[in-house]
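Below are the chains, spelled out letter by letter.
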Amino acid sequence: MPMKKRRKSRSAAAPSPLLYCVRSAVLASVATALLVLLFAFLLKWGVLHTGSILTVNSIIKALCACAAGVLAARSVASRGWLYGGLSGCLYIAFSYVAFSLIEREFQLSLVFLSDVALGFVCGAGAALMLSLFKNLRTETGLSLIHI
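Residues numbered from 1 in each chain as written. Predicted model: local features only at pLDDT ≥ 70, side-chain atom pairs only at ≥ 80, totals over all residues. Heavy atoms only, no water.

**Student:** I'd like a rundown of the packing of helix α2 (residues 53-75) against helix α4 (residues 110-140), residues and numbers included.
**Tutor:** Two elements in contact, α2 and α4, have axes separated by 7 Å at closest approach and are oriented at 50 degrees. In this view, α2 runs oblique relative to α4, as classed from their interaxial angle. Of the two elements, α2 crosses α4, and the hand of that crossing is right-handed. Residues Lys61, Ala62, Ala65, Cys66, Gly69, Val70, Ala73 and Arg74 of α2 form the contact with α4, whose participating residues are Asp115, Leu118, Gly119, Cys122, Gly123, Ala126, Ala127, Leu130 and Lys134. Its residues assigned to classes, the contact of α2 with α4 shows 10 nonpolar, three polar and four charged. (Axes fitted to C-alpha atoms, helices over the stretch in contact; angles between N-to-C directions. Helix = DSSP H or I, 4+ residues; strand = E, 2+ residues; numbered from the N terminus. Parallel < 35°, antiparallel > 145°, perpendicular 65-115°, else oblique. Left-handed = near helix turned anticlockwise from the far one by under 90°. Contact = heavy atoms within 4.5 Å. Nonpolar A, V, L, I, M, F, W, Y, C, P; charged D, E, K, R; others polar.)

**Student:** An account of α4 is needed here, citing residue identities and associated values.
**Tutor:** Compared with an ideal rise of 1.5 Å per residue, which puts 31 residues at 45 Å, α4 spans 44 Å between its outermost C-alpha atoms and is within 8% of the ideal. When we look at burial in α4, the residues that qualify are Phe112, Asp115, Gly119, Cys122, Gly123, Ala124, Ala126, Ala127 and Leu130. Close packing links the buried residues of α4 with α2 and α3 (80-103). Once α4 finishes, glycine 141 follows within two positions and takes phi at roughly 80 degrees, a positive value. (Expected span 1.5 Å × (residues − 1). Buried < 20%, exposed > 50% of the residue type's maximum accessible area, 1.4 Å probe, protein only.)

**Student:** A description of the side chain of threonine 32 should follow, citing residues and the corresponding values.
**Tutor:** Along the chain, threonine 32 falls in helix α1 (residues 17-44). Sequence-distant contacts of threonine 32, defined by excluding residues within four places in its chain, comprise Ile60, Cys64, Tyr91 and Phe99.

**Student:** Give me the side chain of aspartate 115: which residues, what numbers.
**Tutor:** Checked against the element boundaries, aspartate 115 lands in helix α4. Under the relative-accessibility criterion, aspartate 115 is labelled buried at 14%. Those residues in contact with aspartate 115 that lie beyond four places of it in its chain are Lys61 and Ile92.

**Student:** Explain the nonpolar core residue by residue, including any values.
**Tutor:** The biggest cluster of nonpolar side chains holds 13 residues, and the ones touching the most others in it are Ala28, Cys64 and Tyr91. Looking at this core, the elements with two or more residues in it are α1, α2, α3 and α4. It is α2 that provides the largest number of residues to this core, a total of six residues. Ignoring anything within four residues of it in the chain, the contact list for tyrosine 91 reads Ala25, Ala28, Ser29, Thr32, Ile60, Lys61, Cys64, Ala65 and Ala68. (Core = buried A, V, L, I, M, F, W, Y, C linked by side-chain atoms within 4.5 Å.)

**Student:** So what's going on with the environment of proline 15? Which residues, and what values?
**Tutor:** Along the chain, proline 15 falls in the segment before α1. Between the alpha carbons of proline 15 and valine 76 there is a distance of 9.9 Å; along the sequence they are 61 residues apart.

**Student:** Account for the packing of aromatic side chains, naming residues and giving values.
**Tutor:** For the structure shown, the criterion picks out three aromatic pairs. Between phenylalanine 41 and tryptophan 45, the ring centres sit 5.5 Å apart and the planes meet at 20 degrees, which makes this aromatic pair stacked. Measuring from ring centre to ring centre gives 4.6 Å for tyrosine 96 and phenylalanine 112, while their planes differ by 45 degrees; the resulting arrangement is tilted. Of the two residues, tyrosine 96 sits in helix α3 while phenylalanine 112 sits in helix α4, which places them 16 residues apart along the sequence. For tyrosine 96, a relative accessible area of 22% gives the class partly exposed. Phenylalanine 112 gets classed as buried once you look at its relative accessible area, which sits at 15%. Through pairs of rings, three or more aromatic residues link up here, namely Tyr96, Phe106 and Phe112. (Phe/Tyr/Trp six-rings, centres within 6.5 Å; stacked < 30°, edge-to-face > 60°.)

Shown next as structure tokens:
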């Protein structure tokens, strides 16, 4: 008697790379909210002055886009740079929507497009660096870098 093929349940199937990108973008958005809160406290306590707001905001965006890229690239097997860049773009879009809802003002501009480009470059660059570190680690056999 032939055996019936069993269908895999949806819970047993591996999530798609796009789901990993969305997950990493959401985690990076949460990290952004925490870093912005920390920055607000530093402004309130007088550690930093208000002239540093634009610079620190750009640094937070770049770091969190890099984190989103690394988180996505760690989860996919191939084309990590592409999924890293996509997760960086998604992070910028999610954080823009979240902060637009807080400010109650939604306006698309060239600044938003440049932020999306920054997110892609940072996410893809961080994913590429992650793959280079992984390749270096496997080629040399060194385990100094734990990724």
